[in-house]
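# Examining the three-dimensional arrangement
Read off the chains here:
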Amino acid sequence: MIIRQIEEVFSHPEDTDRVISSWTTRDIYEQSVDSARDYILYLRRFSEKKIIYFDGWNGLGAVPVLRSIAQELCSTKAHPPELCFDKIIYLDCSLWESRRMMQRKIAEELKLDHKTMEVFDTEDEEDDFNGVDRSSRDVIQSVVPLIYQALKDSKLMMIFINGSDDEIDVATSGVPLAPFLSNKLLWTFNRRLLTIHDSQSKIQSKLRDTHLFLYDNIRRLSNSEFRALLNEEVTSIVARHPCMQAVGQTMVTDCCLYKLFLHYSFDRTTGFDWVAHASNYWKCAGVIEGDATSSDIVNALQKEIHWKCDGPLVQELFHKFMEDSKTIKFLGLDHCTDNKASTGNYPTYWAYLHSLRVLDLRNTDWDDILSEEKLKIMYNLTELNIEGSRCWQYLSQLKNRLPCLESLRIINPTHQPAAPTDNIDSSFMDKKLLKILDLSGNKDMKYLPTSIANASNLEVLVLDGCDGIENVVLASEFPSSLRSFSFDGYESMAQWKSMVDLPPESSRPKRPSDANKVDVKTLKISLQGFKQLENLFLRGLPNLEELDLSGSTIKVLDFNTMVMDVPNLKRLFLLGCEHLCAIKWVSNRQPELELLCIDTRPGWSTRCPRPSLDKHKPYRLQVYAIIVDERLVRSLCSQIQAESNNSNSVHFNIHITKSDMCGGFVHEEVTGKQMVGPMDQPDLVLLVQYDDVSKEIDDVPSSMEAFPEPPSPQSDCHIEIGGGNRIKSEMEFTPYDNNLAYLMRWHAKSLNMHDSSDISRLSMYDWYCLRWCRVARCLQLDTIFPPKSSDWKNQLETIWASDLPMARCIWSKEPYDSKSFGNLQHLHLRSCPRLQFVLPMWVPSFPNLRTLHVIHCGDLEHVFVLDDGSYAKEQVPIHGVPFPKLTTIHFYDLPKLRQISERRMLAPALETIKIRGCFGLRRLPSLEGHEPGMKRPVVEMEKDVWDALEWDGRAAGHHPDLFEPPVHSRHYRRRQLRGTVLSLLIIYTDYDLLRSVPLTTGQVNALHLQQRQGIVEWPTARRLFAMAAASCVWMLR
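Residues numbered from 1 in each chain as written. Predicted model: local features only at pLDDT ≥ 70, side-chain atom pairs only at ≥ 80, totals over all residues. Heavy atoms only, no water.

Below, the discussion takes up the overall build of the chain. Within the chain, the regular secondary structure consists of 28 helices and 43 strands. Buried positions account for 54% of the 1037 residues belonging to the chain. Considering only intrachain contacts with a sequence separation of at least 6, the fraction spanning at least 24 residues in the chain is 73%. Accessible surface for the chain amounts to roughly 44700 Å². Of this, 50% is attributable to carbon and sulfur atoms. (Helix = DSSP H or I, 4+ residues; strand = E, 2+ residues; numbered from the N terminus. Buried < 20%, exposed > 50% of the residue type's maximum accessible area, 1.4 Å probe, protein only. Contact = heavy atoms within 4.5 Å. Areas by Shrake-Rupley, 256 points an atom, 1.4 Å probe, with all protein chains shown as cover.)

Written out as C-alpha cells, the structure reads:
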C-alpha cells in the first residue's frame, strides 16, 4: 500500500521536489526486509537527497535491508536509469576499529594497486611501534586523492554500515560526495548488536550531514514477521563464522531469542548476570545440540549475540513474541540451606544429575551435592561454579572425578582451610579438558596447586583477589595453551562471564580507597614460555617486584590498561617476545624499573640465558635489549631519557640484529676480539692455513697488515647495530625525541655498527656522549657522520672503521658548530677503497690524537682536509694545525695519498712512522715544537718514497735529519702474478658471494685489478690469492 502511495506522489513531477525536500524523517510502514528494500529503492529513484540514514524497526533489521539493497543493485537484472550506478560499494564496518580501517576497506573494494595497500601496512606498523591506539588511527592523507581519482568520474552508490558511535564523513577518506555530483550514500549505525530502542531522538542527535532519516516501528510486526526479521539478522552472524555454516540459522535464531529471554527474565530480579552465561543455558536447555556444542561455535555465538534494549519496550515485545520460551535445565542455587532431609528412593532421586551440564552454587552450604557419590553421577558436568561458603574444601574432592569439566570457578570462600592438603595439590591430575580456572578471592591461598600443570588445555587462569600468593611462577611444564591471565589485587569481580576473553577494566572493581587497600603479598609473576598468551590484566599489586612475560605473543604491553598500579615493579623480562611492537608507559619512569630485558628474536626458549641485575654498580636503570625491528627502541627512549639527568645512573646494551638464533646476551666482560663477529673468524683461519704461501706472494711483512682490534670493553651505554629491517629510516632526526637516532645522539657512549646493507649515514646534528665508534661491513655507507654533525661535548675518543666499499669520508664537511675532536685519540681505518678524506678540519687543533692507522684505502688523498665553512677560516691556524700528542702513524696501501693534511701538521711527539705502498706521498708532519733530548721518530718506508719527500727546512722543524734513518723494505712494490694456468677468468663482484664460495686458482686471476679498483677489499683478495697459490703449488708438484 505504501509503495502505491509513493507512486501516486511521484506521478506528479511538479510536486516531487517539494514533497521529498520536506521529508527530514519518515516512517516507512513496512513489515519485511524485501518490502523495505523496495520502498527505499523506489525512494532512491526520485529523491534528490544524497545521504539517507535507515534506522530499521526501532534499530533492528537495518543491516539486512541495506545488504539486500546492495545485492539487488549488483544483480544482473535490468534497473531504471536512476538506479544504474558505475560503482556500488558495500562497506561493512560494524566491527569498528578506526577511520583508517574504513578507508582501507574502501581501497580494497576499489581494488587499488598493491603499492597503495602496502601504505596501510606500513603506517599501521609505524603506529604499532609508536604505541598509537588502533581506535585513534586516522585516514592516510596520501591515499585520499587515489580513492578520489578512482571514483571522481563514476556514478556511485555507497552503502555503509557504521560501527562507530558518531556519524562519519566518508568524504575525508576520498569518496566524492559533492552537491553537484550524482553519488549517493545510504547508511546505518550498527555495532554488531541486536539493538531495539524506543526512541529515535538519540540517533537523530548524532546526525549532521544526513539529509533523510527513515525508520519503522517494531510494534507493528507480528510474531512471524519479528522472527523472520531476526532470522535475517542472523544471516550476517552465520556468514562471519565458517564454523557455523553447518549449524543452521534456525538454531542461531533460537539462541538470540533465548538470550533475550534471559535479558528480560532475570536481569532485574537477581544480582547475577544470567545473560553473560547464556552459552551454558543454550546447552542445558537443548537450544544447541550435537556438533553445535563445540567450544568454537559456542564462544563465537556468545561474542556475537548481544542485545541492547530499552527496558519497557523489551517487556512489551517479550509478552508479544516469546510466550513459549523453553525451560532452563541446569541447577543453580543461591543462598540456600540444606535441611538435612531426604525423600524418596535415593538412587532414583539423584538420577537426573547424570545429565547435568552446569552446577552453580552461590553462598550455599550443601555438602551432599558435592559428595563422592554425587560427583560420580555428575559424570557429564562441564561447568562447576562455587562461590562463598567452604568452597575451597570442595576442591580437594575433585580428584579423579568430573573428567568432562571445562570450566571451574571456586571463588570468594567465607571459610579458608588451615593449610592446603595433598588432595588439593593433586585435584587437577585428570582435568585434561579444563579450559577456564577461576580461583578469585582465595585470600589465604599461598601457592597454586601443583597439579594445575596437568590441565593440558587450560586457556584462562584468574587469580583476582588472591592476596596471599607470594609468587606466581608457572613452570615450563605448565600448559602452553594459556591465552588469558588475570590477577587483580583490588578484589575479585562481582559478576563474571562465561567466556575465554578477559572482561574489560570498565566492568571490574574500582580502585579502593587508601583505608580499604589490601596488601597483596605477591612479589613475582612468571608467565615465561606461554607462546599463546595474548590477554593480560594485572592491577593493584603493590609488592610486585618482578614480571616475566618471556615467550608470549603480546604485541603491545600497556601499563595503562594491562599492567596497572604496580609501584614497586623493578624487573621486567620480555625475552622471546618476537611480536612485541611497543611498551606504553604510564609516564617516563612509571613504573620505576631497575632492570628491563627484551629479546624479540625468534627461536627463544626458556634455556636461553638472561642477564641479571648488577648490584655492584650504582645504576638506577639497566636495559638489555636484542631487537629485530629497531622501531621498538622508541619505547625505550622515555625510560632512558628520564634517568639521563642523573650522572652514571643508567646502563643500556641495545643490540639490533637480523639474526633469528637465540644465543643469549653479550656480557660486559667479553673482550673486543670476541665481539668482532662471525664474519671475522673465517678470515683468521684461512690466513693461518695458507700463511706460508701468502708470504711468498705478498713480500710484505705481516706487521703492515696488522690492524688493531675494535675498541673494548664496551661502555655502559652501548648500541650495536648488526642489521635490521628499517635502520635507514630510524637514522633520521625526528622532533619527537623517541627513535634510534635520538638515543644514539644523546645517550650512546659506544656504537658498534656492522653488516648493514641499507644504511648510508648516521644521524646528523650534535653527538653528546659518543666515546668510541666502530663501523664495519656496511656496504652502502657513504659517510659515517653526515653534514651538520659535531662532537659537541668533545667526548669522542676512537673511530674504528673497516670494509666500507662505498664510503667517501668518515666525517662530512659543514659542521653543526665549532666544537669537536677535542678528545679524539685513535683513528683506525681499513679497506675503504673509495675513501677520499677522513676528517674535515674546522677546529684549531687535535689536542689528544695519538694514533693514525690507515690501510687499504685506494682513493684516499688526504686524511685531514680543510672544511669549506666559516668555522675553518676563523679557527684553523694558517701556520699549522697542532697534533701535540700524535705518536704513531701507520699507513699501508694508500697509492693516491699526497699528504696527510691539507694544512701543515705540527706533531712534535711523533715516535713511529710506518708507511708502505703510499707511492704518491710527498710530505710528512712537521716536528716543530720537538723538545731537545727527545728521541727522533723511527721511520719505515720504501726508499723511493723517502727520496721523493718534500721538506721545509730545519727552522720549520721539517728536515730528514730530524728523523731516524729510515728502514727500507726489500722490495719496493708488490710483485704481481705474471701468468695464469687457466684461460677462463671469472670475476666475482658480489661481496657476500665472494666470502662464501670456495675458489681455486683459475677463479682469482683478475682479483688484483678489482682490489685496486675498490671492488674487492684487500683482506678478502689476499685470502683468495693464498688459496689460489696453494692450488698452484700443489699442481706444479
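Still to come is the rest of the account.
Turning our eyes to something else, we now look at the packing of helix α5 (residues 99-109) against helix α6 (residues 114-129). Direction vectors running N to C along α5 and α6 enclose 160°, while the axes themselves pass 10 Å from each other. For the element pair α5 / α6, the angle class is roughly antiparallel. Note that α5 runs across α6; the crossing there is left-handed. Here Arg100, Gln103, Arg104, Ala107 and Glu108 of α5 lie close against α6, whose contacting residues are Met117, Phe120, Asp121, Glu123, Asp124 and Asp127. For the contact of α5 with α6, the residue count by class is 3 nonpolar, 1 polar and 7 charged. (Axes fitted to C-alpha atoms, helices over the stretch in contact; angles between N-to-C directions. Parallel < 35°, antiparallel > 145°, perpendicular 65-115°, else oblique. Left-handed = near helix turned anticlockwise from the far one by under 90°. Nonpolar A, V, L, I, M, F, W, Y, C, P; charged D, E, K, R; others polar.)

This brings us to the sheet that holds strand β11 (residues 383-387). Judged by pairing direction, the sheet is parallel, and its 9 strands sit side by side in the order β9-β10-β11-β12-β13-β14-β16-β18-β21 without closing on themselves. Two strands lie at the open edges of the sheet, namely β9 (331-334) and β21 (563-564), each paired on one side alone. (Pairing = 2+ DSSP bridges.)

Time to look at the sheet that holds strand β3 (residues 87-93). On the basis of which strands lie adjacent, the open sheet formed by 6 strands has the order β1-β7-β2-β5-β4-β3 and parallel pairing. With one partner strand each, in any of the chains shown, β1 (25-27) and β3 form the two edges of the open sheet. Averaged over all pairs of adjacent strands, the angle between their axes in this sheet comes to 15°, without regard to strand direction. Most of the contacts of helix α3 (residues 33-46) go to strand β2 (residues 51-57), to which it runs at about 160°, and overall it touches β1, β2, β4 (156-162), β5 (184-189) and β7 (212-216). Docked against the sheet, helix α4 (residues 62-74) engages β2, β3, β4 and β5, running at close to 155° with respect to β4.

Core analysis: the biggest nonpolar cluster contains 154 residues, and Leu463, Phe485, Ile654, Phe864 and Phe891 have the highest contact counts within it. When residues of this core are assigned to domains, at least three map to each of domain 3 (327-336 + 352-501) and domain 4 (717-968). Those residues in contact with Ile654, other than ones at most four positions away along the chain, are Ala625, Ile627, Val633, Leu636, Ile640, His718, Ile719, Glu720 and Leu743. Counting 63 residues, the second largest nonpolar core, distinct from the first, contains Val63, Leu83, Leu230 and Trp282. (Core = buried A, V, L, I, M, F, W, Y, C linked by side-chain atoms within 4.5 Å. Domains from an automatic or database assignment.)

Attention now moves to the pattern of salt bridges. Under the criterion given, the structure shown has 50 salt bridges. Between Glu72 and Lys77 there is a salt bridge, with its nearest N and O atoms 3.3 Å apart. Residue Arg923 is joined to Asp952 by a salt bridge in which the shortest nitrogen-to-oxygen separation is 2.4 Å. Placement of Arg923 in the loop between β42 (912-916) and β43 (938-940) and of Asp952 in the loop between α25 (943-947) and α26 (991-996) is noted, with a sequence separation of 29 residues between them. (Salt bridge = Lys/Arg side-chain N within 4 Å of Asp/Glu carboxyl O.)

Take α4 next. The end-to-end C-alpha separation of α4 is 19 Å, in line with the 18 Å expected for 13 residues at 1.5 Å each. Burial of α4 is extensive: 11 of the 13 residues sit out of reach of the surface. Restricting attention to buried positions, one finds in α4 the residues Ala62, Val63, Pro64, Val65, Leu66, Arg67, Ser68, Ile69, Ala70, Glu72 and Leu73. (Expected span 1.5 Å × (residues − 1).)

Further remarks concern the pairing of strand β22 (residues 571-575). Among the 5 residues of β22, 4 are classified as buried, and the element is accordingly described as predominantly covered. With 5 bridges connecting them, β22 and strand β24 (residues 595-599) associate as parallel partners. Within β24, the position partnered with Arg571 by the bridge is Leu595.

Within strand β12 (residues 407-411), 5 of the 5 residues are buried, leaving the element largely enclosed by the surrounding structure. Where burial is concerned, the two faces of β12 agree: the one with Ser407, Arg409 and Ile411 and the one with Leu408 and Ile410 are both buried. Direction of pairing for β11 relative to β12: parallel, over a ladder of 5 bridges. Pairing of Glu387 across the sheet is with Ile411, part of β12.

Two numbers describe how α4 lies on helix α9 (residues 223-240): the axes approach to 8 Å, and their chain directions differ by 75°. Considering the angle they form, α4 stands roughly perpendicular to α9. Taking contact as the criterion, the partners of Ala62, Val63, Pro64 and Arg67 in α4 are, on α9, Glu232, Glu233, Thr235 and Ser236. Its residues assigned to classes, the contact of α4 with α9 comprises 3 nonpolar, 2 polar and 3 charged.

On to unusual backbone geometry, then. The residue Lys111 is not glycine, and still its phi comes out positive at about 55°. Judged by relative accessible area, which is 71%, Lys111 ranks as exposed. Unlike most non-glycine residues, Leu402 shows phi in positive territory, near 55°. The residue Leu402 is located in the loop between α16 (391-395) and β12 in this model. Residue Leu402 is classed as buried on the basis of its relative accessible area of 1%.

In this section: the packing of aromatic side chains. A complete count under the given rule lists 23 aromatic pairs for this structure. Here Trp746 and Tyr768 contribute two aromatic rings whose centre-to-centre distance is 4.0 Å and whose plane-to-plane angle is 20°, an arrangement assigned as stacked. With a gap of 22 residues between them, Trp746 in helix α23 (residues 740-747) and Tyr768 in the loop between β29 (765-767) and β30 (772-776) connect regions that are remote in the sequence. Residue classification places Trp746 among the partly exposed positions, given a relative accessible area of 32%. Look at Phe864 and Phe883: their rings are 5.1 Å apart centre to centre, the planes differ by 55°, and that puts the pair in the tilted class. With a gap of 19 residues between them, Phe864 in strand β38 (residues 864-866) and Phe883 in the loop between β39 (881-882) and β40 (888-892) connect regions that are remote in the sequence. Site record: aromatic cluster; members linked through ring pairs are Trp767, Phe785, Trp811, Phe821, Trp842, Phe846, Phe864 and Phe883. A cation sits over an aromatic face here: Lys206 above Phe189, 5.3 Å from the ring centre. (Phe/Tyr/Trp six-rings, centres within 6.5 Å; stacked < 30°, edge-to-face > 60°. Lys NZ or Arg CZ within 6 Å of the ring centre and 35° of its normal.)

Our next topic: the side chain of Arg137. Relative to the assigned elements, Arg137 resides in the loop between α6 and α7 (144-151). Non-local contacts of Arg137, meaning those with residues more than four positions away in its chain, are made with Ser98, Arg99, Arg100, Asp124, Asp127, Asp128 and Val132.

As a further point, take the environment of Lys443. Checked against the element boundaries, Lys443 lands in the loop between β13 (436-438) and β14 (460-462). Taking the C-alpha atoms as reference, Lys443 lies 8.5 Å from Pro413; in sequence the two are 30 residues apart. A distance of 3.3 Å separates the side chain of Lys443 from the side chain of Asp467, its partner in a polar contact. (Polar contact = N/O pair within 3.5 Å; in protein donor to acceptor, adjacent residues only side chain to side chain.)

Let us now look at the state of the cysteines. The tally for this structure, following the rule as stated, stands at 0 disulfides. No disulfide involves Cys255; its nearest neighbouring cysteine sulfur is the one of Cys256, lying 6.9 Å away. Exposure remark for Cys255: the relative accessible area of 0% places this residue in the buried category. (Disulfide = S-S within 2.5 Å.)

Between its first and last C-alpha atoms α6 spans 23 Å; for 16 residues at 1.5 Å apiece the expected length is 22 Å, and the two agree. Residues of α6 that are buried: Thr116, Met117, Phe120, Asp124, Asp127, Asp128 and Phe129. The residue sitting at the N-terminus of α6 and contributing the capping side-chain oxygen is Asp113; that oxygen lies 3.1 Å from the backbone nitrogen of Lys115. A positive phi of about 70° marks Gly131, the residue just after α6.

In this section: the environment of Thr235. With respect to the helices, strands and loops of the structure, Thr235 is situated in helix α9. Between the alpha carbons of Thr235 and Pro64 there is a distance of 8.2 Å; along the sequence they are 171 residues apart. Residues contacting Thr235, with those up to four places away along its chain left out, are Arg67 and Gln249.

Attention now goes to the confidence of the model for the chain. Overall, the predicted model of the chain reaches an average pLDDT of 78, with 75% of residues at or above 70. Across residues 324-328, where pLDDT falls below 50, the model places 11 contacts with residues more than four positions away in sequence or in other chains. (pLDDT = per-residue confidence, 0-100.)

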